[in-house]
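Fold and contact review
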There are 2 protein chains.
Amino acid sequence: MTSEEDLLCINTMRFLATDAIDQAKSGHPGAPLGASPIAYTVWKYFLKHNPNNPKWFNRDRFVLSCGHASMLLYSLLHLTGYDVSLDDIKNFRQWGSKTPGHPEYGITPGVETTTGPLGQGFATAVGMAIAEKHLAARFNLNGYDIIDHYTYVLCSDGDLMEGISSEAASLAGHLGLGHLIYLYDSNDISIEGSTNITFTEDIKKRFESCDFQVIGPIDGNDVEAIKDAIKLAQSDEAHPSIIICKTAIGFGSPNKQGKASSHGEPLGLEETILTKKALGWPTTDRFFVPEEAAKAMDAKVIGAKAEAAWEMLLRIYRAEFKEKGAELDALINGDIDQSYKDALAAIPNNDCATREASGAAINAAAPIIKELMGGSADLGPSCKTAIKNEKDFSKETPVGRNIHFGIREHAMGAIANGMALHGGIIPFVSTFMMFYDYMRSSVRLSALMGQRVIYVYTHDSIGLGEDGPTHQPIEQLIGMRSVPNLIVIRPCDAAETVSAWNYAINRTDGPTALVLSRQKLPALSHDAGIELINKGAYIAKDCDGNPDVLILATGSEVKLALDAQDKLAADGIKARVISMPSWELFEKQDAAYKESILPKEIKKRISIEAGSTIGWAKYVGDEGVSIGIDHFGASAPASELFKQFGITSDAVIEAAKKMK
Amino acid sequence: MTSEEDLLCINTMRFLATDAIDQAKSGHPGAPLGASPIAYTVWKYFLKHNPNNPKWFNRDRFVLSCGHASMLLYSLLHLTGYDVSLDDIKNFRQWGSKTPGHPEYGITPGVETTTGPLGQGFATAVGMAIAEKHLAARFNLNGYDIIDHYTYVLCSDGDLMEGISSEAASLAGHLGLGHLIYLYDSNDISIEGSTNITFTEDIKKRFESCDFQVIGPIDGNDVEAIKDAIKLAQSDEAHPSIIICKTAIGFGSPNKQGKASSHGEPLGLEETILTKKALGWPTTDRFFVPEEAAKAMDAKVIGAKAEAAWEMLLRIYRAEFKEKGAELDALINGDIDQSYKDALAAIPNNDCATREASGAAINAAAPIIKELMGGSADLGPSCKTAIKNEKDFSKETPVGRNIHFGIREHAMGAIANGMALHGGIIPFVSTFMMFYDYMRSSVRLSALMGQRVIYVYTHDSIGLGEDGPTHQPIEQLIGMRSVPNLIVIRPCDAAETVSAWNYAINRTDGPTALVLSRQKLPALSHDAGIELINKGAYIAKDCDGNPDVLILATGSEVKLALDAQDKLAADGIKARVISMPSWELFEKQDAAYKESILPKEIKKRISIEAGSTIGWAKYVGDEGVSIGIDHFGASAPASELFKQFGITSDAVIEAAKKMK
């Protein structure tokens, strides 16, 4: 059953969507027409939120995983009272508007995460639910449920076809995330036609196999049925739920309902009018919002009350639990105890693999920064990402901060995004560098959303040896460097690694990727302390007088450069060695600093890095030489590979002498 | 039950593995110890193969999806009679050996596909089974089952955790691939410990939800039980099967059985001796192969007979079905009807989106090259990859050549690899360029294995407009360019697109990525015919006399360069415009050709491309300028975005004038 008022509101959403899409001459009307009743029911009858404060910490999160249905979300934001005006909606998909083609975090108040690449929202929501469960376990004391909210997700056939959603569901079910509720807009249509042509899974069985509560199928047009289903979902605190809602894509459109053609192109004015007529909607005004609908959907008052009640609870909580209250406040405000820097600075610069140094950094910082929480895609013992003396985050001990993600890199990245977006958590996640390839889409979204996610990538080159070319990164480093707003740091020793961790923790406007060695690296001497790598490149060791040649290196190759420098000096060639752990940070420096490191008049330049040489030409210039690996690796002991592939100090020496 | 002879053979395999791993001081003994009975049973009692001809077309395929168990496979190859000697096994994981750390296609005879990155083998096998089913439907006439083989896969917990295996299983079940049989080595252990800590799916339900026949759990140490299960799997022609085999990782090792520590490091000599003792194995000789085991496992005679019988059948087939026989021979030999070039050459160079031109090329070539088979990850109508007048490949019509992959990019790439590896198929697969990010690992394997897979990536830049930054490639182009052995072509018009297709079809030693526009592009005039793009870069339009400036452009930006050239000419600046659709092909040219296009003495150079500028410095040099986009895109009409982001002919003109 759907009441008249409900239907009025739903149709208001539907036609705001079609009108905006017609106006933009671009967009996806099918999902808003079909799934508006679902989203409406969540927002009207369940969602705890305050349109006046989209950042209220204990709000329910709503994720539109099928991001192409963006107009559905914008309609909700407008109608419930967020700072999204009717003019914003009329500007759908235009330059500089608040209403881009797919929902973008940071652009539109109330948008919890950027979606569009299918499956990402589905998995990101798992991260939000993990954050909620963990923080609840840490802060909810004596019946004060200070952290207590749901994460709702509207998802589509496309989300469920993507492998990332299987990974995420498997973990969500394993962890028993009872506050996570998926509403599956099951409309049996994808772009190439009926889902019958390729997607015929038994969805109920699939999610049962992952220990979900599966509800439905229900009629996705029936508000009462959706309400009942959500109540049922909420009643099971021990399992995530998925509600299968049967809907019709392009609902109401006489010529497009149930057809793939309604998915990704405007109905067009004519068909929109036919649809309005079919659903009994006035056809004279576009962007029509009936007063009753506006009134019924306005959530500003009820939202403000809800937040005020929580603030009241928080005040009592603070009074009763002084320390925890202060901890929670700091966490909500993002205030980090800066003494972690001292703890990092105290780590000695010993000879060790940089992954080991990274493990030391995590374990120095984690006792101070309780926000640090993370783990690995089943490579914790190799990536050295376990926080010692901390429990695992699990059903039984949600207070734990070590997460076993399983061999699910793609979901891991998205889950990290969800944890960061939720707030109160600084997530770090790890795998072998090669498997960055499995999670590129999630890392890209960290960067696009400007989220503080720390990616720990170990086994960063042929230096891993025998596992061979499937495990040896070649193009992964340049791959990371090319992602806008991703800071990539490849440290050469423990000191640079610790400094990299310092940078990554401090950074609040985007993700950082730490690229670490499997093999032991010698400690080099530095005097720049904890901010050693902050400028991206520095003179690791200079020569006496003006250099004849500049040698640029990163990570494990810095030592090779230093060895070459010594031998060249013996032959009367003066070389400056530049450690360049981060291109992106170096690019942020002013011209004077850059010139002080890489003087324009010194044209003889050599770079050495055990990976693709692409991009180095910018730094070595027309007369320079880049030593690297522009082919796949091979299976053999690491020392053999460095020799065979010419990543040696001898290669640097030879190049330098040739230039002379 | 396991007979004494079986056990002798199995233990031979087990200890060849542990001895080789100990010798290499590196490797993964846990899986060979645990799963040898499973693989042994397949090879001994079921696998139709001929060690003397690893390329026999109608052999059964065996995929070791858990590639870290490589020694298990090398033991089988050695013992059954492939060209893998005991010395090769002693050289496990050494430079130049036939026995790399993970199985590598092309290095070791009998290795059907490169594995190691988890889940890839699982999905690649689906491609092999699709190829088999399709070719069987095309060639099996009147009871002559000339194409009729199984694809067996040994897979592990890790394979099943990766999302790619869910995608692949969903499609395999949907397609009813009855000749596809998975043996799941379920040992309840992954690197971080018991699978209980993160992987608690109900596997039976999961695969039932994908319409698999699920068999077991059975005792993975019981050869008779495994035989019965495989027979049951074979008996169901309508569904893929998965046999759940319960095993113990590190079986037999007194101190490591059932423990994660047996997974990824050598047992060590001491523990190996204890294990040998525990399993009643002589401890004196290493690499011990009992004569009875050698005899029992030698498959050379039986293999030769099997192939001879098939050759006989083929001779009869050829006699009875002349045309089909010739077609099959050509297909097996990889002989392509070269008249497709004429069909391509006949495509007019009209103004159109390059995705449209690509669709025309597919449809010109497909009637001639029956090996072409492919489709899209639910974006066929946008990527223009449907072969007209061809059926869909489906349960009902396996003879069809259009595949609906569903929104499963990662599996799609691996499936394409499997089809190419099987032989007889030239696969092409498509999605939006952005979603290359979802499938990078599979594309990398195409390149590493040198497989002819044609990747069609459309919507190649901000030119897609309103869908916004989640859909607009920025770093994807340089991402592709950095993959060794992947040829990337971004054509500027229909003629270049057709030429790119010609190149991609002709290439037999690796994959090609075609990077295509959503938006219409004007036809430019060329006179190089079908091989237009083969040199990677050429002078699109020269100036009179020596150029003052070189303008390099690709794809949609070539027209901007030409516009700038005209306007610069009016201002007395002579510019040469170079269309550079493929860096990789240009790099293959000799120095003289490169110099003829990019004369060293001309230092004033400008590149323009609507994507990351990384890497262009190599071509524009120290004094050059690269116009591109080093930040994320935005949601707005395409024309607005080109203007806002400065990807315009005016930007080129300004840069040229500044250089003057």
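Everything numeric in this text was worked out from a predicted model, so none of it was measured.

Quick look at the interface of chain A and chain B now. Every contact between the two is made by 96 residues of chain A and, on the other side, 96 residues of chain B. With both chains or domains summed, chain A and chain B bury close to 7900 Å², and 57% of this area falls on carbon and sulfur atoms. Viewed at the interface, chain B and chain A are joined by six salt bridges. Its salt-bridge partner being Glu208 of chain B, residue Lys205 of chain A comes within 3.2 Å of it at the nearest N-O pair. Applying the counting rule to chain A against chain B returns 52 residue pairs in polar contact (both at pLDDT 80 or more). Here the side of chain A that touches chain B is built from residues that sort into 35 nonpolar, 36 polar and 25 charged.

Attention shifts here to the environment of Val42 of chain A. Residues and elements named next belong to chain A. Position of Val42 among the secondary structure elements: in helix H2 (residues 30-45). Separated by 318 residues in the primary sequence, Val42 and Ala360 place their C-alpha atoms 45 Å from one another. Among all residues touching Val42, those that are not within four sequence positions of it are Leu47, Phe62, Tyr152, Leu183 and Ile230.

Here the bond from Gly216 of chain A into Pro217 of chain A is cis, since omega is 10°, no more than 30 degrees from zero. On the secondary structure map, Pro217 of chain A appears in strand E6 (residues 213-219). Phi at Asp211 of chain B takes a positive value of approximately 65°, unusual for a residue other than glycine. Positionally, Asp211 of chain B belongs in the loop between helix H8 (203-209) and strand E6 (213-219). By relative accessible area, which is 32% here, Asp211 of chain B ends up partly exposed. A positive phi angle, near 55°, is found at Phe287 of chain B, a position not held by glycine.

Two chain copies here: they are related by a rotation about an axis and a translation along the same axis. After a rotation of 180° and a shift along the axis of 0.0 Å, chain A superposes on chain B with an RMSD of 0.0 Å. Interpreted geometrically, this transformation is the action of a two-fold axis. Residue by residue, 100% of the interface of chain A is reproduced at the interface of chain B, so both copies engage with the same surface.

This part takes up a negative patch on the surface. There is a patch of like negative charges on the surface, built from Asp622 and Glu623 of chain A together with Asp622 and Glu623 of chain B. Among the secondary structure elements, Glu623 of chain A is positioned in the loop between helix H24 (617-620) and strand E20 (625-627).

Counting residues in each nonpolar core, the largest one holds 92 residues, and the members touching the most others are Trp501 of chain A together with Trp501 of chain B. Trp501 of chain A has contacts with Leu344, Ser358, Ala361, Ile362, Leu372, Phe428, Ile454, Val456 and Leu514 of chain A, leaving out every residue within four places of it along the chain.

Moving on, we come to the pattern of salt bridges. All names here are of chain A. Within the structure shown, the criterion is met by 62 salt bridges over all chains. Its salt-bridge partner being Asp211, residue Lys395 comes within 3.8 Å of it at the nearest N-O pair. One end of the pair, Lys395, is in the loop between helix H16 (380-383) and strand E10 (402-404); the other, Asp211, is in the loop between helix H8 (203-209) and E6, with 184 residues separating them in the sequence. By sharing partners, the salt bridges in this structure join Asp83, Asp88 and Lys98 into a single network.

Bringing empty space enclosed by the protein into the picture now. With the rule as written, the count across this model stands at nine cavities of 30 Å³ or more. By volume, the largest cavity amounts to about 140 Å³. In this structure, the largest cavity is lined by 18 residues; those nearest its centre are Ser166, Arg206 and Cys210 of chain A together with Ser166 and Arg206 of chain B. Elements with a contribution of two residues or more to the lining of the largest cavity: helix H7 (163-175) and H8 of chain A together with helix H6 (157-161), helix H7 (163-175) and H8 of chain B. In the lining of the largest cavity, the residues fall into six nonpolar, six polar and six charged. Empty space within the second largest cavity amounts to approximately 90 Å³.

Under the domain assignment, chain A is made up of domain 1 (4-300), domain 2 (303-331), domain 3 (340-515) and domain 4 (538-659). On a C-alpha basis, the centroid separation for the pair domain 1 of chain A and domain 4 of chain A is 52 Å.

Calculation notes
- Just so you know, the residues in each chain are numbered from 1, in the order the chain's sequence is written.
- Labels are handed out in written order, letters beginning with A for the chains and numbers beginning with 1 for the ligands.
- In keeping with the predicted nature of the model, local features appear solely for residues at pLDDT of at least 70, side-chain atom pairs appear and are counted solely at 80 or more, and the whole-chain, interface and lining totals rest on all residues.
- Side-chain descriptors were evaluated using all non-hydrogen atoms of the structure, hydrogens and water having been removed beforehand.
- Contact definition: two residues touch when any of their heavy atoms are within 4.5 Å.
- Once two parts are joined, some of their accessible surface, as seen by a 1.4 Å probe, is lost; buried area is that loss totalled over both.
- A pairing counts as a salt bridge when a side-chain nitrogen of Lys or Arg comes within 4 Å of a carboxyl oxygen of Asp or Glu.
- Residues adjacent in sequence count toward polar contacts only when both atoms are side-chain atoms; beyond that, a polar contact is any pair of N or O atoms within 3.5 Å, and within protein one must be able to donate a hydrogen and the other to accept it.
- Asp, Glu, Lys and Arg are counted as charged, while Ala, Val, Leu, Ile, Met, Phe, Trp, Tyr, Cys and Pro are counted as nonpolar; the rest, among them Gly, fall into the polar class.
- Each helix is a run of DSSP H or I of at least 4 residues and each strand a run of E of at least 2, with the numbering of both proceeding from the N terminus.
- When a residue's accessible area, from a 1.4 Å probe over protein chains only, is under 20% of the maximum for its type it is buried; when over 50% it is exposed; and in between it is partly exposed.
- The copies were overlaid with a least-squares fit restricted to C-alpha atoms from residues scoring a pLDDT of at least 70 in each copy.
- Every patch collects residues that have over 30% relative accessible area and no salt bridge, joining them within 9 Å if they carry like charges and within 5 Å if they are nonpolar side chains (Val, Leu, Ile, Met, Phe, Trp, Tyr).
- In this description, accessible areas are obtained by the Shrake-Rupley approach with a 1.4 Å probe, and a residue is regarded as covered only by the protein chains that are shown.
- For the purpose of counting charges, residues Lys and Arg are taken to be positive, whereas Asp and Glu are taken to be negative. His and the chain ends are not included.
- Every charge is mapped to an atom, namely NZ of Lys, CZ of Arg, CG of Asp or CD of Glu.
- Buried Ala, Val, Leu, Ile, Met, Phe, Trp, Tyr and Cys residues that are joined via side-chain atoms within 4.5 Å together make up what is termed a nonpolar core.
- Put plainly, a pocket is an open set of points on a 1 Å grid over the protein atoms alone with protein on both sides within 12 Å along at least five of seven lines, a cavity is a set where a 1.4 Å probe fits but cannot get out, and a lining residue has an atom within 4 Å of a point.
- Grid points are joined across faces, edges and corners, and a volume is the space filled by probe spheres set on the points.
- Domain start and stop positions are those given by an automatic or database domain assignment.

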